[in-house]
Amino acid sequence: MQTFFIDKTIRPATLYDIERIYALEQTCNPNPWTREGVAEEFSNPNSIFLVLETQAPHATSSQIIGFISAALILDEIHILEVAVCPNHRNAGLGSLLINALLSSAAAKNAVRACLEVRAANLPAIRVYEKRGFGRDGVRKGYYQDGEDAVLMSLELF
Ligand SMILES: CC(C)(COP(=O)(O)OP(=O)(O)OC[C@H]1O[C@@H](n2cnc3c(N)ncnc32)[C@H](O)[C@@H]1OP(=O)(O)O)[C@@H](O)C(=O)NCCC(=O)NCCS
């Protein structure tokens, strides 16, 4: 049976979220970040790390069902990872996370967003294109398993 959530909040991640982000990363990414990798992103002063939290009716604790992580390098925001729990996909949550990240990056004076995505990752490419990202090119054999990366970017102003 599907669970319905009433409250959704996007907020900056905190150190207390690491375990839950790590667990979500394991379910979402075939080459997941390690626990240390997640923790490293927190310690980067130029990172923006947001989580999507929900509170189910009558539940005593909240759940983290998505996150997005990016690094601000000068005036460019580099999106490193976005993930939504498999049970909650195709409901606009990935797009919500990207919009929240871009607002946060614009508030820090970013003028451009960019990323690499696996060429076969059609849901992710769709999410970025919906938000207005364009394809800048392909980096052949970019990933360890030989898959190509599609380079995408968006001008924020
Ligand atoms: C990418 C991801 C974050 C998207 O999250 P989401 O909450 O499903 O995103 P949204 O609901 O906002 O949008 C998903 C879109 O992909 C589309 N989609 C889903 N499967 C698709 C497929 N196989 N081919 C093409 N489009 C597809 C959906 O129809 C939807 O587009 P629409 O709104 O036009 O119908 C999620 O799929 C995920 O966590 N994937 C695993 C981690 C990952 O690959 N991250 C990207 C790293 S760059």
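This section reports on the structure supplied with the text. Computed from a predicted model, the values in this text were never measured in an experiment.

1. Some words on the nonpolar core
Counting 33 residues, the largest nonpolar core has Leu50, Phe67, Ile68, Leu97, Leu101 and Ala105 as its most contacted members. Counting residues per element, the ones that place at least two in this core are helix 1 (18-28), strand 2 (47-55), strand 3 (63-73), strand 4 (76-84), helix 3 (93-107), strand 5 (112-118), helix 4 (122-130) and strand 7 (149-155). With 6 residues, helix 3 is the single largest residue contributor to this core. Residues contacting Ile68, with those up to four places away along its chain left out, are Leu50, Val82, Leu97, Ile98 and Leu101.

2. Looking at the sheet that holds strand 5
One open sheet accounts for 7 strands, arranged 1-2-3-4-5-7-6; its pairing is mixed. Here the strands that pair on one side only, and so sit at the sheet edges, are strand 1 (7-12) and strand 6 (134-139). On average, each strand axis in the sheet is tilted by 25 degrees relative to the strand beside it, whichever way the strands run. Two strands pair when backbone bridges link them, and strand 6 and strand 7 are joined in this way by 5 bridges, in the antiparallel orientation. Residue Gly137 lies in a different strand from strand 7, and its bridge partner there is Leu151. Strands strand 2, strand 3 and strand 4 of the sheet are contacted by helix 1, whose axis makes an angle of about 90 degrees with strand 3. In the packing of helix 3 onto the sheet, contacts are made with strand 1, strand 2, strand 3, strand 4 and strand 5, and the angle to strand 2 comes to roughly 140 degrees.

3. Some details on the pairing of strand 5
Side-chain alternation along strand 5 places Ala113, Leu115 and Val117 on a buried face and Arg112, Cys114, Glu116 and Arg118 on a face that remains uncovered. Where strand 5 and strand 7 come together, 7 bridges link them in antiparallel fashion. Across the sheet, the residue bridging to Val117 is Val150, located in strand 7.

4. Side note on the site of the ligand
Around the ligand sit 21 residues, and of these Arg89, Gly94, Ser95, Leu122 and Ala124 come closest. Looking at the shell around the ligand, the elements with two or more residues in it are strand 4, helix 3 and helix 4. Among the elements that take part in the shell around the ligand, helix 4 stands out by supplying 6 residues, more than any other. Among the residues making up the shell around the ligand, the classes are represented as 11 nonpolar, 6 polar and 4 charged.

5. Digging into the pairing of strand 3
Relative to strand 3, strand 2 runs antiparallel, the two sharing 8 bridges. Within strand 3, the residue paired with Ser47 across the bridge is Ala71. Examined bridge by bridge, strand 3 and strand 4 share 8 bridges and lie antiparallel to one another. The residue of strand 4 that forms the bridge with Gly66 is Val84. Counted between consecutive antiparallel strands, the loop separating strand 3 from strand 4 contains 2 residues, among which Leu74 sits at a positive phi close to 55 degrees.

Cut-offs used in this document
Residues numbered from 1 in each chain as written. Predicted model: local features only at pLDDT ≥ 70, side-chain atom pairs only at ≥ 80, totals over all residues. Core = buried A, V, L, I, M, F, W, Y, C linked by C-beta atoms within 7 Å. Buried ≥ 20, exposed ≤ 12 C-beta atoms within 10 Å, placed from the backbone. Helix = DSSP H or I, 4+ residues; strand = E, 2+ residues; numbered from the N terminus. Contact = placed C-beta atoms within 7 Å. Pairing = 2+ DSSP bridges. Axes fitted to C-alpha atoms, helices over the stretch in contact; angles between N-to-C directions. Near = placed C-beta within 6 Å. Nonpolar A, V, L, I, M, F, W, Y, C, P; charged D, E, K, R; others polar.

Take it as geometry only, folks, not as evidence of what the structure does.
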